[in-house]
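Chains, contacts and geometry: an overview
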Amino acid sequence: MNTSLGLAGLGRRLVGVFILVALVLGLFAIFASPAMAENEMVGTRFVYTDLESGERVPAPGVLVTVDDSNGEFVGEGESDADGVVEIPVDGPGEYAMTVDPASLPPGVFLADAERATVSVQVLPNQVGRAIFQLANESEAGASAGGGVTFRRVAQLTVEGLKFGVFLAMAAIGLSLIFGTTGLINFAHGEMVGWGMLMAYFFNVFGLVGVFGFMEGWPAPFGGGVNLVWAILIAVPLGMAGGWVFDRYLFAPLRNRGVSLIAAMIVTLGLSILVRYVYLFAFGGVPRFFLDFTAQSGIEIGVIEITPKDLITGIISVLILVLVGVFLQQTRLGKAMRAVSDDRDLAESSGINVQRVISVVWIMGGGLAALGGVFIGLSEQVSWNIGFRILLLIFAAVVLGGLGTAYGALIGALVVGVGIQVSTLWIPTELKNVGALILLIVALLIRPQGILGSRERVG
Amino acid sequence: MPTDLSQLERTPGVAKPDPILVVDNMRKRFGGIVAVDVDHLEIQRGVITALIGPNGAGKTTFFNVLTGFDKPDEGSTVFDGDVINKVRPDVLAKRGMVRTFQLTKALTKLAVIENMKLGAKHQRGEKFLRALLSPMWRPQERSIEERGDALLARFKMDHMRDEYAGSLSGGQRKLLEMSRSLMTDPTLVMLDEPMAGVNPALKQSLLDHVRGLKDEGISVVFVEHDMDVVQGISDWVVVMAEGAIIAEGPPESIAENKQVIDAYLGAHHDTPLDLDAELEGAHGEEEE
Amino acid sequence: MDGFFVFAIDWGFIFDQSVKQAVDINAIVYALAAIGLNVHFGYAGLLNFGQVGFVAMGAYGMGLGITYWQTNPAIAVLIGIIFSVVFALILGLPTLRLRADYLAIVTIAAAEIVRLMARSTALRDITQGAEGLNEFIGPFRDLNPFSPGAEYGFGPFVWSGNRFYTIVIGWTLIALFLLLVWQLMRSPWGRVVKAIREDEDAARALGKSAYWYKLQALILGGVIGGFGGMVMALGNATVQPDFFVAPLTFFFWLVLILGGVGRVWSPVVGAIIFWALITFIQNLGRQLVADGLIPTSIMDTTQVDQIRFWIVGAALALLMVFRPQGIFGSREEMALDAH
């Protein structure tokens, strides 16, 4: 079985895909980038969901103050009729914007009351964007006022699908790693975090953040690059990470005959180590990418969606379709499915199982990284995305069928939509709990998941 | 008293005078493949029945279903008068059906005598609350231990009683598994390829022990590939091929049975390589 | 040993703190949780990655007994036990028939559910959300035979009356549970459990219900973990949801593996060694930072506390690769099937 030909063909196809994606992203980057500012500023836009209309409505008259990194007061302002407020600052650097919650419109308050202050990075000639999540009084309550309108269901479903495709990219890797090696990779969440944080690093700092001598070099060495390029750096880094994990850790463990349970505990230990290194390096406060972060939504039919979410969502769907095509049509993809199904049988058919496993880790790492970046763009960049996403990945793969890629996809979509739509009835803070309860219930009713096989389950 | 089976008709599914196990309409599929397709089978009490057939005949699956380690898609099994469809193996063992495994499962981290004691039924000390108080189970434990030692002596393993089962040789583990299964006081012992991987010296000893079971009135069913063994100790043979039972009868009759030979060697084994005859379908046998 | 300065580091203080912490409340909690985990994994082969959930159940059960159900300490402890048992049933009933990995996934998710629900505003009336339960300690302190104002102990091992009380209770519980586990494992019950761990099918073929015994083991280990939570509650006089974060489960696992899986007393030894080491390293780190020997541009004092996570994570991975039997375990005991 000539998998080397398959690998070269795959290589060509992947390069082609990346060039295509890069062109597409590049075009949108040009059109969607924020207007050049003369001076540095710290800005934000306040919007919330009006309960009666279900529309996103700006909040005028909200008071904010800005302090610099020494805690010195820099400026203050009030949001205008569009909910926008921008405050000039004295130069690039780190600033903190604080909201006065009392100035929010009646019935509206900060979704996270502990985060009235957000830190913002301002680069030369840029407007640093702060994001504040606003919520309506009943949104945090047990039942959301405004009821179950078609518009709300549609909006939530779309948001759920969007998160679902990101989750799917993260989940497919874990499912395939399990399918081909029997290992449950508890560090998969940190691979998602890796993509997110690497993209942030290259977006904001560039390599000079680590290698001080690169001061003055062109970006990405001397400084940050546009997020699009940062993504194109982060994803290969994710693929490399996956490859390294397998080549230098899990393959040797497999060859030594270390039991799967021991290997699982190794992934657990690594996930804790890596996660807290992230905390050390990145800090506990969530941040945002420099580009595309604060966008207003555009209306499509009854739903409202930001351009970045729309684009990343479409790209994700494209990538998932490509993965599907890869698994169905290419030799390597079929080999992957064969190994996942029955490893011994695949091996005796002449498939190079070790190579397949290696590709699975590379693919898983890359997909996880991309999912991480998109989630970071859609929500926020934080150090502990890993654990939260890991549990949701588990819910997705158990629902869909542990070991199959399509199962992971279906499961992720169900989990994504389920989480979002469930907020119609349960408080937002508990929406992840819903997914986890769904996981346990699924195990009761149909442990092999939607697409899994009974024999694997025991 | 072993029943005289020589007068029975030699057809698949023939009724037995005093069956201990009766199977009806059992089917099991794996994906598109039919693994088991048994219309009717009766196992006679108190005799040694062999279950044979070529590779892929479905013997193992059938065996696993009978012993509760797998579930059929349809069909019913009656063991000693009780319907036991989809009953779990531990329940079956409590009711008197015990099985051994082709890949011997000697519990290596327990001593030989502990392996034996494990097999005993109705142990008070196995219940959580009683276990907390030694006096509640010590006396029973002692009598179980005596039984274990007696069995080990019968199997000539008593000198190994305190060794960890992990240090036993393959053959010794087979003996351990067989003697351990007797601790459950079974009425029916199901042996899964008992001679697999056993050296010739030990084979004779094992055969004697299996005969010994019959002498005690225990019914035996065993799956086996070794035809000498089958001829040597079985009273009745059941032949499976492609999931169905194709023949039943005393061992001598089976050895001469054309259908059985065909199943093992494939059709047309004894015909000349005559293409014209093949094309004419001269033999009218099943296609390969 | 105080005031023993070398290189501007008070080694005496660090040493005193390390040995004191080795037997203090944290060590007790970890020891109890690890004893429970030893029943789960060491004896029954169950992959429980949610032990912190059991600890939370014991703590909240006991606390709620006083704050919500307003009963006496004895009933409150009973409620803590009941919470742990129910949690074990919820986890075990659906998953114990399935492969071991599924239990791992479910337990890690369930423990997080417990924390999120305890923290939620929806259950605020009962669990007091993020601030947690703070009003339960009174009735327990009333039972304290030691004088709260006085100090008890010798050398570095000196504690105030209330803390000493909790420590005495804690070590008594440890001794009790060690005895319990020892007795169980030498009984026929223990024999069945050991057999199931090695080969479920063999045990089933001999008439033992693997499912039922695994459930019992899950309940037992969970209740012991729950007692760990109760000691934590007594010691801290507060029960807060963010005490029970997921990484804590893996601290317990490290303690278990470090001591050596499958020996009755090794979880306790593991807890003592772990706390001595961690305290040593953290105090050393803090002093190095405070003295400027580690520049704050690299690490400040809050970040020193994060070191423990790195150590636990790395130690878990390294131990499983190079010495899975820990200090006192045997290599053969650790060997487990792939599936």
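Owing to the predicted nature of the structure, the values given are computational and were not obtained by experimental measurement. (Residues numbered from 1 in each chain as written. Chains lettered and ligands numbered in written order. Predicted model: local features only at pLDDT ≥ 70, side-chain atom pairs only at ≥ 80, totals over all residues.)

Overview of the overall build of chain C
Counted only if it meets this: Helix and strand definitions here come from DSSP, where helices need a minimum of 4 consecutive H or I residues and strands a minimum of 2 consecutive E residues; each element is numbered from the N-terminal end. For the radius of gyration, the atoms used are the C-alpha atoms, and the globule rule reads 2.2 Å times the number of residues raised to 0.38. Comment: burial labels come from other C-beta atoms within 10 Å of the residue's own C-beta, placed from the backbone, where a count of 20 or more is buried, 12 or fewer is exposed, and between is partly exposed.
When you go through chain C residue by residue, the secondary structure sums to 16 helices and four strands. Radius of gyration (C-alpha) of chain C: 21 Å, near the 20 Å computed for a compact globule of 339 residues. In terms of principal-axis extent, the alpha carbons of chain C reach across some 65 × 50 × 40 Å. Considering chain C as a whole, with its 339 residues, one finds that 55% of them fall into the buried category.

Quick look at helix H5 (residues 100-119) of chain C
The α-helix winds at 3.6 residues per turn, so residues separated by three or four positions along the chain end up facing the same way. Let me state the cut-off plainly: Expected span of a helix: the number of residues minus one, times 1.5 Å.
Between its first and last C-alpha atoms H5(C) spans 29 Å; for 20 residues at 1.5 Å apiece the expected length is 28 Å, and the two agree. By the criterion of burial, H5(C) is predominantly enclosed, with 18 of the 20 residues buried.

Description of the interface of chain B and chain C
We apply this condition: C-beta atoms are first placed from the backbone for all residues, and any pair lying within 7 Å is then listed as a contact. Gly counts as polar in this scheme, as do all residues outside two lists: the nonpolar Ala, Val, Leu, Ile, Met, Phe, Trp, Tyr, Cys and Pro, and the charged Asp, Glu, Lys and Arg.
Taken together, the contact pairs 27 residues of chain B with 20 residues of chain C. Secondary-structure elements contributing two or more residues to the side of chain B that touches chain C are helix H2 (89-95), strand S6 (97-99), helix H3 (112-119) and helix H4 (128-131) of chain B. A class-by-class count of the residues in the side of chain B that touches chain C yields 11 nonpolar, five polar and 11 charged.

With respect to the interface of chain C and chain A
Every contact between the two is made by 40 residues of chain C and, on the other side, 38 residues of chain A. At the level of elements, helix H4 (73-95), H5, helix H12 (247-259) and helix H15 (307-322) of chain C are the ones that each hand at least two residues to the side of chain C that touches chain A. Counting residues per element, the side of chain C that touches chain A draws most heavily on H5(C), which supplies 11 residues. Across the side of chain C that touches chain A, the residue classes tally to 29 nonpolar, seven polar and four charged.

Details of the environment of B:Leu103
Residues and elements named next belong to chain B. Relative to the elements of secondary structure, Leu103 occurs in the loop between S6 and H3. With 9 C-beta atoms counted inside 10 Å, the residue Leu103 sits in the exposed group. Put simply, Leu103 and Glu193 are 90 residues apart on the chain and 8.8 Å apart in space, counted from C-alpha to C-alpha.

Considering the domain arrangement of chain B
Quick note on the threshold: Domain extents, as shown, originate in an automatic or database domain assignment.
Assigned domains of chain B: these are domain 1 (12-105 + 185-256) and domain 2 (107-167). Each of domain 1 of chain B and domain 2 of chain B has a C-alpha centre, and the two are 28 Å apart.

Considerations on the nonpolar core
Selection rule: Each nonpolar core comprises buried Ala, Val, Leu, Ile, Met, Phe, Trp, Tyr and Cys residues, the members being joined through C-beta atoms within 7 Å.
In terms of nonpolar packing, the biggest core is built from 299 residues, with A:Ala395 and C:Tyr30 touching the most fellow members. Considering each element in turn, this core owes the most residues, 15 residues, to helix H9 (residues 353-378) of chain A.

So, H4(C)
An ideal rise of 1.5 Å per residue puts 33 Å on 23 residues; H4(C) measures up with 34 Å between its terminal C-alpha atoms. By the burial criterion, the buried members of H4(C) are C:Ala76, C:Ile79, C:Gly80, C:Phe83, C:Ser84, C:Phe87, C:Ala88, C:Leu91, C:Gly92 and C:Thr95. Contacts made by the buried residues of H4(C) are with helix H12 (431-445) of chain A together with helix H3 (51-67), H5 and helix H11 (210-236) of chain C.

A short note on the sheet that holds strand S7 (residues 188-192) of chain B
All names here are of chain B. The condition that has to hold: At least two DSSP bridges between two strands are needed for those strands to be called paired. Convention adopted: a line fitted to C-alpha atoms gives each axis, helices being fitted over their contacting stretch, and angles between N-to-C directions are expressed from 0 to 180 degrees.
On the basis of which strands lie adjacent, the open sheet formed by six strands has the order S6-S7-S8-S3-S9-S10 and mixed pairing. Each edge of the open sheet is held by one strand with a lone partner, namely S6 and strand S10 (244-249). Across the sheet, the axes of successive neighbouring strands diverge by a mean angle of 20°, strand direction being ignored. Of the pairings in the sheet, the one linking S7 to strand S8 (residues 219-223) comprises five bridges and is parallel in character. Pairing of Leu188 across the sheet is with Ser219, part of S8. Where helix H10 (residues 258-265) meets the sheet, it contacts strand S9 (236-241) and S10, and its direction lies at approximately 135° from that of S10.

Describing unusual backbone geometry
Positive phi, normally seen in glycine, also occurs at B:Asn25, with a value near 50°. Position of B:Asn25 among the secondary structure elements: in strand S1 (residues 19-30).

Some points on the sheet that holds strand S1 (residues 41-45) of chain A
All names here are of chain A. Taken together, three strands build an open sheet; the order of strands is S6-S1-S10 and the sheet is mixed. Each having just a single partner strand, strand S6 (84-88) and strand S10 (127-129) make up the two edges of the open sheet. Along the sheet, successive strands turn relative to each other by an average axial angle of 25°, direction set aside. Here five bridges tie S1 to S6, and the two strands are oriented antiparallel to one another. When the sheet's bridge partners are listed, Met41 is paired in S6 with Pro88.

Comments concerning the pairing of S1(B)
Residues and elements named next belong to chain B. One ladder, built from 10 bridges, connects S1 with strand S2 (residues 33-44); its direction is antiparallel. Bridging from a neighbouring strand, Asp24 pairs with His40 of S2. Between S1 and S2, which pair antiparallel one after the other, the connecting turn spans two residues, and Gly31 there sits at a positive phi close to 65°. With five bridges joining them, S1 and strand S4 (residues 74-79) adopt antiparallel strand pairing. The residue of S4 that forms the bridge with Leu21 is Phe79.

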